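Topology and contacts: notes
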There are 4 protein chains.
Amino acid sequence: MRTPVADYLQEVVDSLADEHSGVMADYIPELAATDPNQFGVSMVTIDGCSYGAGDCETEFTIQSISKPFTYGLAIEQHGLDAVLEKIDVEPSGDAFNEISLEEETGRPRNPMINAGAIAAHALIDGSSPDVRAETIRTFYSRLANRELGFDEVVYNSEVGTAFRNKAIAYMLRTVGVLEDDPIGIVDGYTRQCSIGVTARNLAHMAATLANGGVEPVTGERMLDPATVRQVLSVMATSGMYDAAGDWLTTIGIPAKSGVAGGLIGILPGQVGIAVFSPRLDGHGNSVRGVKLFERLSRDMGLHLMEAAPASRSVVRQGYRPDGHREVQVLEFLGEIRFVEAESILRQMSAVPEGSDVIVLDLHRVHALNDVGRRMVLEGVRRLHLDGHPIRLIDPESVLADPDAGDGYVPSVHADLAAALG
Amino acid sequence: MRTPVADYLQEVVDSLADEHSGVMADYIPELAATDPNQFGVSMVTIDGCSYGAGDCETEFTIQSISKPFTYGLAIEQHGLDAVLEKIDVEPSGDAFNEISLEEETGRPRNPMINAGAIAAHALIDGSSPDVRAETIRTFYSRLANRELGFDEVVYNSEVGTAFRNKAIAYMLRTVGVLEDDPIGIVDGYTRQCSIGVTARNLAHMAATLANGGVEPVTGERMLDPATVRQVLSVMATSGMYDAAGDWLTTIGIPAKSGVAGGLIGILPGQVGIAVFSPRLDGHGNSVRGVKLFERLSRDMGLHLMEAAPASRSVVRQGYRPDGHREVQVLEFLGEIRFVEAESILRQMSAVPEGSDVIVLDLHRVHALNDVGRRMVLEGVRRLHLDGHPIRLIDPESVLADPDAGDGYVPSVHADLAAALG
Amino acid sequence: MRTPVADYLQEVVDSLADEHSGVMADYIPELAATDPNQFGVSMVTIDGCSYGAGDCETEFTIQSISKPFTYGLAIEQHGLDAVLEKIDVEPSGDAFNEISLEEETGRPRNPMINAGAIAAHALIDGSSPDVRAETIRTFYSRLANRELGFDEVVYNSEVGTAFRNKAIAYMLRTVGVLEDDPIGIVDGYTRQCSIGVTARNLAHMAATLANGGVEPVTGERMLDPATVRQVLSVMATSGMYDAAGDWLTTIGIPAKSGVAGGLIGILPGQVGIAVFSPRLDGHGNSVRGVKLFERLSRDMGLHLMEAAPASRSVVRQGYRPDGHREVQVLEFLGEIRFVEAESILRQMSAVPEGSDVIVLDLHRVHALNDVGRRMVLEGVRRLHLDGHPIRLIDPESVLADPDAGDGYVPSVHADLAAALG
Amino acid sequence: MRTPVADYLQEVVDSLADEHSGVMADYIPELAATDPNQFGVSMVTIDGCSYGAGDCETEFTIQSISKPFTYGLAIEQHGLDAVLEKIDVEPSGDAFNEISLEEETGRPRNPMINAGAIAAHALIDGSSPDVRAETIRTFYSRLANRELGFDEVVYNSEVGTAFRNKAIAYMLRTVGVLEDDPIGIVDGYTRQCSIGVTARNLAHMAATLANGGVEPVTGERMLDPATVRQVLSVMATSGMYDAAGDWLTTIGIPAKSGVAGGLIGILPGQVGIAVFSPRLDGHGNSVRGVKLFERLSRDMGLHLMEAAPASRSVVRQGYRPDGHREVQVLEFLGEIRFVEAESILRQMSAVPEGSDVIVLDLHRVHALNDVGRRMVLEGVRRLHLDGHPIRLIDPESVLADPDAGDGYVPSVHADLAAALG
């Protein structure tokens, strides 16, 4: 069979073919020369599987979509505190090209507006604008798992008219956020913006963020998980300029748009998505891109705030196996995070003190995160303190190295028969 | 055993006992009379289990924490579109008492600043300020599963000095966002703010939001899931005033603070949390409240942007059971949402056309959401079109009513033996 | 003969009869009911002579033209410093209904915007809104030398929709600029704005300002000269809202407009002018009013910055009268202020030391101000110290009581013959 | 005798010697190296007489005091309309270095803030920044009647740190107010600001403005009177940055300050004044400069809004000379402008129709402006139409060429005897 995911993406692309509203960006002369009807989408899962439909292999310039990635790189190179000294993280509600500096500190309001993005670019290590731009190009290439290049034509078209960015850079120099030559920094930033990508490349880069900073195919860690969390949070509040609130309520995933028509979205722990379609709405976001994300969010339940309360029954009612009245079995299932662990502990706390053997059946648990693991082990410790011997059914060692912390280590078994044996 | 969750909360409360920075709100005379050292926390799970530590039964006024709940009620009563006509959802980056009206429409920037909250209050059905306030009190009481009352002392103290809110209300009247008497509306809004709650009550109300709008104990649906999504999204970008970006990056959960020292946070699908401690920082947020949430977020991994990529192995390698070479078994586990279903479909699409029997083993799947269910059934349909008979192992009917959509219904079995039999 | 001044005004009115652009103010329902074609003008000289053309006897409400007069009264009652504590004097460049409070102090930017005008109104002594409004009505009546009344119909129409002013008043209450009930203050302010006037009344009030605060007909001092200077200065920079700069460059006289179509201008020391025509431009100023003032300023050379360098020859070359070689006559003429006195002193300093008699011929001087008088007397003192006897020709005693300050008093004579005699 | 004007200036300088508050500008490194105690003042009358006290011959850089002069030159070169298309004239209430562009047009709010001054500089004809700067230097030199030069040290110090001005210039380039290379324009503007002047030079330049655009010593017309009126009006509302309103109310004359400590004021038709003292207040204005002007304004009655109502008695009661009952004499005196002419016409209109001879005695009139002249002649025409023969006593031909406009020319006589003869 052919997977319906690709078919679904194609169907969504087709359904928006007649959407011709919006206008091309005109302030970068070369961008205006693009075919306005181009439309491509790509989705890459956190295990690296890549889907695409439409013009998903067409190259365009990354433009503002570069902002979150360079911000992430700046944090990796200098640490979050150093970056926060230069760039705040508050949503500004402003258009992308507003200067929006904080009154007291002069810091740009956030790294998603041009002022903040230029400041982030300037933080990248490098002895010259060219070196910095090359460092960034190399970084993006590794995020995309493909060698990306500069679009020299767009770069040349843009650098000649980058008056506003130069104004912003000089203002940042005035307040001390920038320390080098503003013209050189804008030059490097314009190079960053002119890196050529396809929707598929962008979706791959987005998937690296969705995957907590690990490139899905190579497995290489590109960004620290805390950095990714920072980047995604900022995208959530500020990635869509003055439509950020509308986007977060309606679509509900961290996203970033670019003036060349690109638009990425990241669902943490799940997928990276990228669209390309050059016509822009009044906020500077791709018209078809926004509509496609609306459709995806609705169809696929991607909204971050979508509660999933149905998944709670992680604890099966405890029971006493036939012929083993001195044994009480508690069975868990699914993935154990804080909230599931809390439920498990509650079940454990219902066990009266005594010497009954407690069997914790984890064979249907497929994952625990750190918090879940620590909480379950604390339950083990407490049950043991209450007098209970503990046995684990954990054929796949999801609770590897089950030390309760006070030296007590329960026995581990492959199945109930073994645990009772 | 005693569950360590309560112990943990107590430990966190104790660890912050020496935190005495911040100042009491002074613009409401009565609030300044509170004991500044009070400190309580409560956490309520989406199945209604309630934890508490410190002064979690002390009553204080809800103040601005009422904003998201009344906003939600307004959406329930009038629909989202009607509410959006009056109140935008863009983060303003402003302090809570800034007027922050949109230049063109006069709409308040969002419902978390006073202007938007007053506009939301005015939307509540009711023939008079008292009726409206009573409707709201009743609604909150049902969210909290406890009869809440007005704090008349605070109300009287506040209504006499509510000059700024009256200014805001008259400005809203000027631009047509309000249509009734501004003084009456501010009176009702002040009543709303004076509803008495404890940290435990607030955590319960928050848990109703975390639970997708269903009150955890009564099971009563109080808000539509889409409304909850809207409310939580707005809290995420605008709930913490001009510290919203800092909060979202650092803590990473939708939250709302009140000037009386309350602070709630919601982790969708998991828990509602509430803190009470009256000393406020420069943004008007409870100092200890913010620190407690920082600790909780870090300890418990609550950040919304926390990717959990470890939980992906939802599909076990397919295998052919001994003695059944014509049968291919695909085993799934955990919870099936879009991203897991995508993985399943990929596995399915690796099955070549032919007449092999395909057994889908779901006995370790504990939940599917709508999207996951539809995607798995589409896979069933396509595999069947390729010529394969399909058998399901689904002892607990997690894929209830497994109609592939084209009339084909696979057989359902309790275990592998039955499926092969 | 008939004076051509009235004819001239009539001609200007006629020339603008076809000007129908602009729109009626619509936010005060009753104002919209006025005949939009009404057009009147009046000019009153500082000696009380009144000219009029067109609908100069038609009554309309004073509206914002009340602002400078009430501001002046507030200064009279409390002193400038007390008023400056509540209301700044900086041009805001804002529209009339902007709140425009200073960030740090909360003071309205100036008394010509509504916020400042409401604050000025609230400063007027009075135990109630009605008493305050009555005090103001009486004050205006004396400025106009005619009993003015409240237009109850407009008042009632306006007070019901004064939402923005109430918003402003509550905001002022919040920051402590107002201390009384904001609603009562806006009520009183609305009464102030509803005082009925004609163009002729307004021109008379304006003439009182032009006359340094002395009502031209009764001779009653209504405002201190320093107060008038303050009022006129503020009108110059802020009287025409966000068109203030355009007005000052083009017309060049302190002015104030009102939403009912009134517009006054004051040429210090010369005339007060008032126009009435209800259609307003985008800044809220009467269209015909502005055009009429443009014409008057151009035709009559009224611009404050109009240098008049031709009037400088105040000193006639000194000469020695026939038969009196020991006598040197210095003849002055015109009005002696600082700049003319400087010229006189220069002439005096050219007189070499010695015992020559110096005759200062003032018979063609018609006025000296304080500075001029002091400077001329200082010259007398110094010439006398140099050894010269001094004689004055001053038949009309323009230099009354010519004490040089050191005890020396020159002799005074009716004409040259007497001085030489 | 020695004129007391110089003594007075010296006394004022001495009285402020102990004023040491304020701080040196530090953003231009070289400026900070100046002796902070320097203090000089100069005053130049419109007939070119120059006074000075203190360090009035010390050279410093003109800085922002160049703004009004270059604005004037731009108007001369391109006409007012063309300049208004690029630079508005509204007071901004902002600090000098705020960008303050109009939202719709992008025009700087006025030519006294840096944005407007840079735009005005860019309008000066010239093929390169150096040519433009040289044109300006030459123009200023002619205004000052002395060859001025560039201070290369300050220029070099300033051009290296002119980040904010470069930011502003790029922003102006973005909105199309500038069309050339922003860096070059800022370079030229910085050269303009680095022109070296003394207080005496500046007072001379100011006197040229006071004299309606005619350099007082050479008599050369440097600026059109209408241009001067425009420049002075803009200085009045915007010359003192965010203290403009305070300045106009307190001091009451058009003024401009510079960061090097200079400060000029212009009293139209009277004098130009300049002060130099480097310590600046929070608005960027020279502390001693402001205090000196306060003293001068108070002592010398220089306030523009100072009404001088005492000077009105321009018409002496008409009389019939002994033995000439058929003759009526009207005697005028002083300077005849609109307001005096109005009074004369009123007197004339009191003359009944008939054939009485009317003698207009102008021998004590020392000046008429255009308006006064036209009005008096119109009175002559009308009296003649009423049947009166008219005779003028005008020994000095102040009413030269007294044609009534309808062909009638009254006879002119040296004195009353001649007129009656």
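Look a little higher up for the structure.
Now for a quick tour of the structure. (Residues numbered from 1 in each chain as written. Chains lettered and ligands numbered in written order. Predicted model: local features only at pLDDT ≥ 70, side-chain atom pairs only at ≥ 80, totals over all residues. Heavy atoms only, no water.)

1. Thoughts on the overall build of chain A
If you tally the helices and strands in chain A, you get 15 helices and twelve strands. Dimensions of chain A, computed from C-alpha atoms along their principal axes, come out at roughly 85 × 50 × 35 Å. Expressed as a percentage of the 421 residues in chain A, the buried residues total 64%. Carbon and sulfur atoms form 47% of the exposed surface of chain A, whose accessible area is close to 13,800 Å². (Helix = DSSP H or I, 4+ residues; strand = E, 2+ residues; numbered from the N terminus. Buried < 20%, exposed > 50% of the residue type's maximum accessible area, 1.4 Å probe, protein only. Areas by Shrake-Rupley, 256 points an atom, 1.4 Å probe, with all protein chains shown as cover.)

2. A closer look at the environment of Ile393(A)
Residue and element names in this part refer to chain A. Looking at the element boundaries, Ile393 is found in strand β11 (residues 390-393). Distance from Ile393 to Val329, taken between C-alpha atoms, is 9.8 Å for residues 64 residues apart in sequence. If we skip the residues at most four places from it in the chain, Ile393 touches Val359, Leu360, Asp361, Leu362, His363, His413, Ala414, Asp415, Leu416 and Ala419. (Contact = heavy atoms within 4.5 Å.)

3. What to know about the interface of chain A and chain B
Between chain A and chain B, the residue contacts involve 80 residues of the former and 80 residues of the latter. With both sides pooled, the region where chain A packs onto chain B buries about 6,700 Å², and carbon together with sulfur makes up 60% of that total. Sorting the residues of chain A by area buried against chain B places Met1(A), Met305(A) and Phe338(A) first, and these three jointly supply 13% of that buried surface. Applying the counting criterion to the chain A and chain B interface returns six salt bridges. For Asp47(B), the salt bridge goes to Arg346(A), with nearest N and O atoms at 3.0 Å. (Buried area = accessible area lost by both parts, 1.4 Å probe. Salt bridge = Lys/Arg side-chain N within 4 Å of Asp/Glu carboxyl O.)

4. A look at helix α13 (residues 338-349) of chain C
Side chains of residues three or four places apart in an α-helix project in the same direction, reflecting 3.6 residues per turn. Residue and element names in this part refer to chain C. A rise of 1.5 Å per residue sets the reference length of α13, with its twelve residues, at 16 Å; its end C-alpha atoms lie 16 Å apart and thus fit the reference within 8%. For α13, a buried count of nine out of twelve residues is recorded, marking the element as mostly surrounded by other parts of the structure. Among the residues making up α13, those that are buried are Phe338, Val339, Glu340, Ala341, Glu342, Ser343, Ile344, Leu345 and Met348. (Expected span 1.5 Å × (residues − 1).)

5. Examining the packing of helix α4 (residues 114-123) of chain A against helix α8 (residues 182-193) of chain A
Between two packed helices, the angle of one axis relative to the other and the distance separating the axes together describe the packing. All names here are of chain A. The geometry of α4 relative to α8 is characterised by a closest axis approach of 9 Å and an angle of 100° between their N-to-C directions. When the interaxial angle is binned, α4 and α8 end up roughly perpendicular. Of α8, the residues touching α4 (which contributes Asn114, Ala117, Ile118, His121 and Ala122) are Ile185, Gly188, Tyr189 and Gln192. Considering only residue class, the contact of α4 with α8 consists of five nonpolar, four polar and no charged. (Axes fitted to C-alpha atoms, helices over the stretch in contact; angles between N-to-C directions. Parallel < 35°, antiparallel > 145°, perpendicular 65-115°, else oblique. Nonpolar A, V, L, I, M, F, W, Y, C, P; charged D, E, K, R; others polar.)

6. Points about the packing of aromatic side chains
Aromatic ring pairs: the centre-centre distance and the angle between the two ring planes describe each pair. Here the structure, examined in full by the defined rule, presents 22 aromatic pairs over all chains. Centre to centre, the rings of Phe60(B) and Phe276(B) are 4.0 Å apart; their planes meet at 5°, and the pair counts as stacked. Separated by 216 residues along the polypeptide, Phe60(B) in strand β3 (residues 60-61) and Phe276(B) in strand β7 (residues 271-276) bring together distant segments of the chain. With respect to burial, Phe60(B) and Phe276(B) carry one shared label: buried. Pairwise contacts between aromatic rings join Phe163(A), Tyr170(A), Phe163(D) and Tyr170(D) into one cluster. (Phe/Tyr/Trp six-rings, centres within 6.5 Å; stacked < 30°, edge-to-face > 60°.)

7. What to know about the pairing of strand β10 (residues 357-368) of chain B
Strand residues, when the strand is regular, have side chains that alternate between the two faces of the sheet. All names here are of chain B. In terms of residue burial, β10 counts as a mostly covered element, since eleven of its twelve residues are buried. Taken together, the nine bridges between strand β9 (residues 327-336) and β10 define a ladder with parallel strand orientation. Each bridged residue has a counterpart across the sheet, and for Gly334 the counterpart in β10 is Val365. As for the winding sense of the linkage, the β-α-β connection from β9 through helix α13 (residues 338-349) to β10 is right-handed. By the bridge criterion, four bridges tie β10 to strand β11 (residues 390-393) in an arrangement that is parallel. In the strand pairing of β11, Ile358 is matched with Ile390. (Pairing = 2+ DSSP bridges. Right-handed = clockwise from strand over helix to strand, strands pointing away.)

8. Quick notes on the interface of chain D and chain C
The partner chain C presents 80 residues to the 81 residues of chain D that form the contact. The contact between chain D and chain C buries some 6,700 Å² in all, and 60% of this surface belongs to carbon and sulfur atoms. The interface formed by chain D and chain C includes six salt bridges. Where chain D meets chain C, there are 20 residue pairs in polar contact (both at pLDDT 80 or more). (Polar contact = N/O pair within 3.5 Å; in protein donor to acceptor, adjacent residues only side chain to side chain.)

9. What about the relation of the copies chain D and chain C?
Mapping between the two chain copies consists of a rotation about an axis together with a translation along that axis. Mapping chain D onto chain C calls for a rotation angle of 180° and an axial translation of 0.0 Å; the resulting RMSD is 0.2 Å. In the structure described here, the two chain copies are related by an operation that fits a two-fold rotation axis. Identified as the residue of chain D closest to the rotation axis by C-alpha distance is Gly334(D), at 2.2 Å. (Least-squares fit on C-alpha atoms with pLDDT ≥ 70 in both.)

10. Considerations on the nonpolar core
Counting 144 residues, the largest nonpolar core has Tyr140(A) and Tyr140(B) as the members making the most contacts within it. By size, the runner-up hydrophobic cluster in this structure holds 142 residues, among which are Ile65(C), Val259(C), Ile75(D) and Ile118(D). (Core = buried A, V, L, I, M, F, W, Y, C linked by side-chain atoms within 4.5 Å.)

11. Brief notes about the relation of the copies chain A and chain B
Once turned by 180° and shifted 0.0 Å along the axis, chain A lies on chain B with an RMSD of 0.1 Å. Most of the interface of chain A is mirrored in chain B: 100% of its interface residues are interface residues there too.

12. Overview of the environment of Leu232(C)
Positionally, Leu232(C) belongs in helix α10 (residues 225-238). Measuring from C-alpha to C-alpha, the distance between Leu232(C) and Pro68(C) comes to 8.0 Å, with 164 residues separating the pair along the chain. Sequence-distant contacts of Leu232(C), that is, excluding residues within four places in its chain, are made with Leu209(C), Pro254(C), Ile266(C), Pro268(C) and Met305(D).

13. Some thoughts on the pattern of salt bridges
For side chains bearing opposite charge, pairing can occur when the charged atoms are close. Under the definition given, this model contains 88 salt bridges over all chains. The closest approach of N and O atoms between Asp130(A) and Arg191(A), which form a salt bridge, is 3.8 Å. Placement of Asp130(A) in helix α5 (residues 129-144) and of Arg191(A) in helix α8 is noted, with a sequence separation of 61 residues between them. Linked through salt bridges whose partners overlap, the residues forming this network are Asp7(A), Glu378(B), Arg381(B) and Arg382(B).

14. Description of the sheet that holds strand β7 (residues 271-276) of chain A
Residues and elements named next belong to chain A. Pairing is antiparallel in the open sheet, where five strands are placed in the order β2-β1-β7-β6-β5. The sheet terminates laterally at β2 (50-54) and β5 (255-257), the two strands that pair on one side only. The sheet shows a mean angle of 10° between the axes of neighbouring strands, direction not considered. As paired elements, strand β1 (residues 40-45) and β7 share six bridges and run antiparallel to each other. Paired with Thr45 across the two strands is Val271, which belongs to β7.

15. Concerning the packing of helix α2 (residues 66-78) of chain A against helix α10 (residues 225-238) of chain A
Residues and elements named next belong to chain A. The contact between α2 and α10 brings their axes to 10 Å, and the two run at 145°. Here α2 runs over α10; the crossing is right-handed. Here α2 contributes Pro68, Tyr71, Gly72, Ile75 and Glu76 to the contact with α10, which in turn contributes Thr227, Gln230, Val231, Val234 and Met235. For the contact of α2 with α10, the residue count by class is six nonpolar, three polar and one charged. (Left-handed = near helix turned anticlockwise from the far one by under 90°.)

16. Looking at the pairing of strand β7 (residues 271-276) of chain C
Residues and elements named next belong to chain C. Burial of β7 is extensive: six of the six residues sit out of reach of the surface. Residue alternation in β7 divides its side chains into two sets, Val271, Ile273 and Val275 and Gly272, Ala274 and Phe276, and both sets are buried. Taking the residues between adjacent antiparallel strands as the criterion, strand β6 (residues 262-267) and β7 are bridged by three residues, where Gly269 takes a positive phi near 80°.

17. Comments concerning the environment of Cys49(A)
Tracing the sequence through the fold places Cys49(A) in the loop between β1 and β2. A C-alpha to C-alpha distance of 35 Å links Cys49(A) and Ser157(A), two positions 108 residues apart in sequence.

18. A short note on the state of the cysteines
Scanning all chains against the criterion turns up zero disulfides over all chains. Looking at the unpaired Cys56(C), the closest cysteine sulfur is the one in Cys49(C), lying at 13 Å. (Disulfide = S-S within 2.5 Å.)

19. With respect to a negative patch on the surface
The grouping of Glu103(A), Glu104(A), Glu103(C) and Glu104(C) at the surface amounts to a negative patch. Within the element layout of this structure, Glu103(A) appears in the loop between α3 (80-86) and α4. (Patch = residues over 30% accessible without salt bridge, like charges linked within 9 Å, V, L, I, M, F, W, Y side chains within 5 Å. Lys, Arg positive; Asp, Glu negative; His and termini not counted. Charge placed at Lys NZ, Arg CZ, Asp CG, Glu CD.)

20. Here we look at the sheet that holds strand β2 (residues 50-54) of chain C
All names here are of chain C. If you walk across this open sheet you meet the five strands as β2-β1-β7-β6-β5, and the pairing is antiparallel. Of all strands in the sheet, those with a lone pairing partner are β2 and β5 (255-257), marking the two edges. Direction aside, the axes of adjacent strands within the sheet are offset by 10° on average. In this structure, β5 lies alongside β6, joined through three bridges in antiparallel fashion. Paired with Ser257 across the two strands is Leu263, which belongs to β6.

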